[in-house]
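# Reading the structure
Listed here are the chains, written in short residue letters.
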Amino acid sequence: MAEQYFPAKLDQLEPVQKFVLDQLSGCPYTERTRAQLDVAVEEIFVNIAHYAYPPEQTGWALVRCQVEQDPLRVQVQFVDGGVPFNPLAKKDADITLSAEERNIGGLGILMVKRSMDAVEYEYSEGRNILTMTKQL
């Protein structure tokens, strides 16, 4: 499993996305899968950068990525030392409501849950750990 630490800052989004895509080098995947991974990685990393740490503190995010065979899939894991928060525990956004009626927040994690094959969260040893799996 490849892993890399990144400062939890918005200007690190592109390097994080590149790190994940670099792990897929040589793997067959569709443009749709790449786009879904990009959006999911963006959503999770931006949430860490915005919300995991107090405003005056620059935190970190450890990104782990592993390609598994049989079935061919990628697993991307985000680890941070920020405030404990399980984004999967929040009620899904009601997309049947109009934008004006809908509460702010929740659409991004809903997109992640719908575009990935599996999304899991755990809090262990003072760390948030979110793992996403996508068939390739």
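Refer to the preceding data block for the structure.
The paragraphs below set out a description of the structure included in this document.

Cut-offs applied
- Residues numbered from 1 in each chain as written.
- Predicted model: local features only at pLDDT ≥ 70, side-chain atom pairs only at ≥ 80, totals over all residues.
- Heavy atoms only, no water.
- Salt bridge = Lys/Arg side-chain N within 4 Å of Asp/Glu carboxyl O.
- Helix = DSSP H or I, 4+ residues; strand = E, 2+ residues; numbered from the N terminus.
- Contact = heavy atoms within 4.5 Å.

### Overview of the pattern of salt bridges
Applying the stated criterion across every chain, the model contains five salt bridges. Residues Lys-18 and Asp-22 are paired through a salt bridge, measuring 2.8 Å at the closest nitrogen-oxygen approach. With Lys-18 and Asp-22 both in helix α1 (residues 13-23) and four residues apart, the pair spans about one turn of that helix. Note that Glu-31 is salt-bridged to Arg-34, the shortest N-O span being 2.5 Å. With Glu-31 and Arg-34 both in helix α2 (residues 31-52), this residue pair falls three residues apart, about one helical turn. Overlapping salt bridges, with partners in common, bring together Glu-31, Arg-34 and Asp-38 in one network.

### Points about the side chain of Gln-17
Residue placement: Gln-17 occurs in helix α1. With residues near it in sequence (within four places) discarded, Gln-17 still touches Asp-38, Val-41 and Glu-42.

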